[in-house]
Amino acid sequence: MERFVSRLCRDPRLAGHVVYRGLSPARPPRWDPGGPLPAGAEPALRGAGVERLYSHQREALDLAAGGRNVLLATPTASGKTLAYLLAYLAAREKDPEARALFIYPLKALARDQLEAVRAFLVPLGLEPDRAAAVYDGDTPDRERRRIRRRPPAVLITNPDMVHLGLAPYHESWSGWLARLRLIAIDEAHVYRGVFGAHVHHVLRRLMRLVRHEGGSVRLIAGSATIGAPEEFIRTLTGEPFEVIRDSGAPRPARHVLFLSPTMASPYTVATRVVARAVEAGHKTIAFTKARRITELMHRWLAESEPELARRVSPYRAGYLPEERREIERRLFSGELDGVISTSALEAGIDVGGLDVCVLVGYPGSLATAWQRIGRAGRSDRESLAVLVAMPDALDQYVVSHPEHFFSGEFERVVLDPGNESIAAAHLEAAAAERSLDLDDARFLQGEAGPERLRRLEREGRVLRQHDAERWFVLRRRPQRSISLRSAGIAYELVRASDGRRLGTLDEARVWFEGHPGAIYLHGGQSYRVLALEREERRVLLEPAQVDYFTQVYARKETEILSREEARSVGPATLARGRLRVTTFVEGYSKRRIFGQEEISRHPLEAPPLVLETHGFWFELPRETVVHLVQAEHHPAGALHAAEHALIGLFPLEAICDRWDLGGISYAQHPQLGGPAVFVYDGWPGGIGLAATGYDRAERLVARTRELVSGCPCEDGCPSCVHSPKCGSGNQPLDKEGAVRVLDLLLGAERLRPGGRAAEAAAEAALASHRSARHPGVRGGGPLPPGFFDARSDTPAPAGLEEAGWPPDLPPPSELLRPGEGRWIFFDVETLRGAEEVGGWGNIAGMGLALAVCLDAGTGRFRSYRESDADALVDELLGADRVVGFNIERFDLAVLAPYARADLSRVATLDLLRAIHARLGFRLSLAHLAAATLGIEKTANGLQSLEWVKQGRFDLIERYCRRDVLLTAALWAYGRRHGYVLFRSRRGEVGRIPVDW
């Protein structure tokens with residue numbers, strides 16, 4: 001390997017790009033000092049070919065056997081799966097019926113581990129399908145039914161299946177949940193940001209169901225080496241953990257090369273490294289950042305080195321499962337010598353011994369870089385890791401600071417389970433799985449749970465039982481509307497030619513990636529967006545062969561909603577809090593894939609995009625502008641460049657990608673009255689990055705200053721202050737001015753007072769800034785008269801008491817508030833039914849048989865026939881409020897042909913519409929009156945139509961007055977109590993919050 005590395009460094013087409021060569025020394029194993037093993041462990045270990053445990057595996061076993069939750073934050077290939085299995089055997093020793101759940105983030109990884117788990121457990125006397133089984137979206141229905149009937153000892157799945165396939169159907173799993181003793185969470189570091197926040201709630205929902213069934217479960221987790229692992233795993237699971245950082249697994253020597261291409265494409269350089277490694281007989285894996293690059297590199301390799309084409313394969317998401325399995329098999333068996341992959345092979349899928357790992361671009365974090373590098377060198381052979389840097393700030397910082405690469409200062413994995421939209425959605429899902437009380441809400445979401453539950457009740461998303469402090473939902477399977485990788489509503493991506501659903505796109509990104517004319521990359525294929533259908537929440541696309549990509553340009557405004565904490569940083573104030581960011585998308589540009597030069601610009605008509613999130617920001621003194629102008633710098637350009645650079649290096653502090661963050665800079669912020677630089681979480685409600693940025697701001701500023709000042713470019717480039725996501729096309733930027741801004745924040749430069757000339761120049765600069773609105777973007781014939789005039793000898797009741805008003809309910813007159821004016825309760829009966837006029841779309845043709853109004857102030861009823869329609873319309877128009885049940889869609893539509901005035905002027909309160917807005921579906925007046933008031937309706941609309949034919953308008957009048965009474969009483973109950981009642985299909989009486 002050392003000879004091969006030397007040859008690479010002498011290669012004429014590579015040597016000029018090498019900026020670092022180093023060696024990470026080998027480390028011998030540290031073995032288990034000895035101790036008891038669970039029953040069955042010895043034959044299982046022999047069957048797996050394991051003679052001795054490593055020290056960290058023994059430590060994990062002892063902690064798990066003692067009832068502790070354990071996180072192994074150790075490198076790749078350190079034997080974490082074996083630790084999970086030993087922890088399961090410890091649980092099985094105490095309870096022979098114990099079951100375990102192994103959760104993997106990827107289907108491929110779950111299926112890769114299946115045979116290893118079975119091989120370990122079969123020596124215990126279990127048949128393979130009784131030892132372990134995979135239960136995920138690819139499992140056939142017949143197999144799923146079999147697994148539910150007879151769950152295996154170890155069930156292997158992923159978070160999506162727990163969310164959609166286990167928790168919502170927990171009744172089918174009740175026996176298994178009662179016996180569940182261990183949950184293993186592999187590759188836990190993957191659960192960051194929005195995905196991590198969702199997985200937190202999925203795990204809490206699952207553990208609540210286990211608790212309900214009387215089960216008692218322990219957790220064991222595995223992670224790549226990360227920063228602050230204790231804080232991370234507790235946030236992810238909501239449970240305390242013991243963390244094991246020190247791995248006893250051996251590590252062979254690893255050679256490291258950093259290449260930073262200057263006059264060549266980094267992809268061309270990386271392709272040559274792969275070719276030379278495979279040619280030299282080294283098993284090689286290359287990791288790219290994009291599906292397109294994976295395919296292009298393989299094509300370039302095939303064109304430049306045809307004899308190597310059959311020995312190297314691309315691998316990425318978007319391939320069919322059987323295609324991916326075949327590539328894995330060929331690599332493991334030795335038929336392939338190399339693979340070019342996206343992150344799809346980053347996790348611990350076993351593809352045999354690899355010698356060389358090529359990182360085509362820094363993957364964004366040390367944790368991910370070492371995870372990928374760890375795929376090579378799994379035996380006692382030396383390996384090689386090659387990082388080919390991209391021309392962006394983060395890559396350039398890493399290759400110019402090799403000591404950082406080997407420092408062990410791994411970034412934090414950040415997530416925020418308190419994100420309001422995510423937490424509320426999962427609390428609703430939990431209530432659908434099993435009704436909640438306040439203790440359940442606390443278990444699921446801590447002290448914020450009970451108040452969030454009550455807020456969901458006020459919004460009508462959960463309903464409270466009338467006779468108990470328990471909450472439930474009526475909506476079936478609300479889990480289906482929750483995407484674990486999104487914080488908002490998702491749009492469907494649909495191929496226009498055949499309606500095939502390709503995937504989803506987050507609402508927060510749809511105007512950036514799914515706007516009309518956009519080029520969207522999916523499954524390695526380029527698609528052109530034909531239409532963005534907002535009401536249907538759908539993006540229509542068609543395949544396209546293009547040599548360009550699209551990029552939105554926009555402007556932004558940022559409003560500070562709250563300041564949660566603040567401190568001084570140099571002469572500035574550093575603050576953290578809630579922000580409202582409004583983005584005005586103005587158009588998009590087409591840019592060439594290679595070179596990125598702009599081809600053309602196109603306008604877009606988009607609504608303002610409002611994001612409420614969390615951020616941190618630097619408030620600089622107004623004198624900063626004078627200071628920059630005196631030094632002949634562009635104030636807006638200096639702040640803009642500093643903002644780009646800060647965001648570019650943020651991943652050094654917390655694992656994230658560029659879509660996770662946004663930024664904006666101002667030479668004069670309207671709220672602050674001076675310069676400001678904002679960095680914020682790019683997701684609604686925030687994902688926890690802002691808090692990390694605030695806590696580590698000084699170090700971030702120092703690293704950013706070092707990078708920008710050390711970049712050899714003259715006036716800014718992608719390696720320092722240019723951003724590929726800048727909505728203003730990286731204009732204006734002032735690199736040297738950014739260095740001065742960063743020096744001010746570090747306290748390395750002091751503000752100098754300026755004279756009148758400087759103040760005037762500064763004001764001119766501000767005026768120019770305001771007019772330019774620098775965004776700093778980071779990213780709607782007449783009906784016949786009545787034909788009967790029959791009267792009854794029994795008059796209809798004229799007042800509330802005679803009509804049967806509930807005696808324990810105050811009359812409407814006592815519930816009206818001062819200044820509310822004259823209120824009327826109203827109902828209509830018709831001459832004809834829907835089938836007689838051609839359907840419900842022709843309500844105006846049904847005709848007025850009779851209408852009843854109840855004056856809330858006097859408590860008196862008045863009845864109107866068709867011949868009285870003018871007087872009825874006048875009464876409705878003269879009321880301050882007309883209350884009815886389905887009044888807007890039905891009653892007023894019936895009256896419309898009789899009215900000489902516009903009935904839209906009637907001030908209505910439609911109780912049916914209000915209920916529908918709360919629940920998302922309709923309930924009848926009969927249902928609500930029976931559940932809330934204990935009063936039944938006396939008839940229905942079909943009976944009323946029969947009375948019309950019989951000429952019994954007296955009976956219609958009594959029936960109509962009864963419905964008006966029920967409407968008024970329902971309103972009175974709701975106004976007095978703040979809710980009305982209904983009965984669910986399961987017989988639960990629930991409260992519907994109302995504000996009438």
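Below is a short write-up of the structure.

Basis of the calculations
- Residues numbered from 1 in each chain as written.
- Predicted model: local features only at pLDDT ≥ 70, side-chain atom pairs only at ≥ 80, totals over all residues.
- Heavy atoms only, no water.
- Axes fitted to C-alpha atoms, helices over the stretch in contact; angles between N-to-C directions.
- Helix = DSSP H or I, 4+ residues; strand = E, 2+ residues; numbered from the N terminus.
- Parallel < 35°, antiparallel > 145°, perpendicular 65-115°, else oblique.
- Contact = heavy atoms within 4.5 Å.
- Nonpolar A, V, L, I, M, F, W, Y, C, P; charged D, E, K, R; others polar.
- Expected span 1.5 Å × (residues − 1).
- Buried < 20%, exposed > 50% of the residue type's maximum accessible area, 1.4 Å probe, protein only.
- Arc of directions from axis to C-beta.
- Pairing = 2+ DSSP bridges.
- Phe/Tyr/Trp six-rings, centres within 6.5 Å; stacked < 30°, edge-to-face > 60°.
- Lys NZ or Arg CZ within 6 Å of the ring centre and 35° of its normal.
- Core = buried A, V, L, I, M, F, W, Y, C linked by side-chain atoms within 4.5 Å.

Look at helix H18 (residues 420-433) against helix H20 (residues 448-458): their axes get within 10 Å of each other, and the N-to-C directions meet at 80°. If you check the angle between H18 and H20, you find them roughly perpendicular. In this structure, H18 contributes Glu420, Ala423, Ala424, Leu427 and Glu428 to the contact, and H20 contributes Gly449, Arg452, Leu453, Arg455 and Leu456. Split by residue class, the contact of H18 with H20 holds five nonpolar, one polar and four charged.

A separate point is helix H25 (residues 697-710). Between its terminal C-alpha atoms H25 stretches 20 Å, which fits the 20 Å expected from 14 residues at 1.5 Å a residue. Restricting attention to buried positions, one finds in H25 the residues Ala697, Leu700, Val701, Arg703, Thr704, Leu707 and Val708. Down the axis of H25, the sector holding all buried residues measures 170°, keeping them to one side.

Another aspect to go through is the sheet that holds strand S6 (residues 180-185). In any sheet, the strands associate via hydrogen bonds between backbone groups, in a parallel or an antiparallel arrangement. Reading across from one edge, S4-S5-S3-S6-S7-S2-S8 is the order of the seven strands in this open sheet, with parallel pairing throughout. The open sheet has two free edges, formed respectively by strand S4 (132-134) and strand S8 (242-244), since each of these has just one partner strand. Taking each pair of neighbouring strands and ignoring which way they run, the sheet shows an average axis angle of 15°. Bridge count between strand S2 (residues 70-73) and S8: three bridges; the pairing is parallel. If you follow leucine 72 over to S8, its bridge partner there is isoleucine 244. Contacting strand S3 (99-103), S6 and strand S7 (218-223), helix H10 (residues 193-212) crosses the sheet at an angle of about 170° to S6.

It is worth spelling out the packing of aromatic side chains at this point. A complete count under the given rule lists 21 aromatic pairs for this structure. Between tyrosine 973 and tyrosine 979, the ring centres sit 6.0 Å apart and the planes meet at 75°, which makes this aromatic pair edge-to-face. Exposure class is identical for tyrosine 973 and tyrosine 979. Each is buried. The structure contains a cluster of three or more aromatic residues connected by ring pairs, namely Tyr20, Phe258, Trp370, Phe405 and Phe406. Directly above the ring of phenylalanine 584 sits arginine 555, whose terminal nitrogen or CZ lies 4.2 Å from the centroid.

Let us now look at the sheet that holds strand S28 (residues 823-830). As summarised here, the arrangement of the five strands in space is S30-S29-S28-S31-S32, forming an open sheet in which the pairing is mixed. Looking at strand neighbours, the two that pair on one side only are strand S30 (860-865) and strand S32 (908-910), the edges of this open sheet. On average, adjacent strands in this sheet sit at an angle of 25° to one another, irrespective of strand direction. Bridging between strand S31 (residues 881-884) and S32 involves three bridges; their strand directions are parallel. If you follow valine 882 over to S32, its bridge partner there is threonine 908.

Moving on to the nonpolar core. Residues Leu101, Ile183, Leu236, Phe405 and Phe618 are the most contacted members of the largest nonpolar core, which totals 122 residues. Per-element tally for this core: the top contributor is H10, with ten residues. Filtering out sequence-adjacent residues up to four positions away, isoleucine 183 remains in contact with Leu101, Ile103, Leu206, Met207, Val217, Arg218, Leu219 and Ile220. Counting 55 residues, the second largest nonpolar core, distinct from the first, contains Leu463, Leu809, Leu816 and Ile956.

Everything listed here is a matter of geometry and, on its own, says nothing about what the molecule does.
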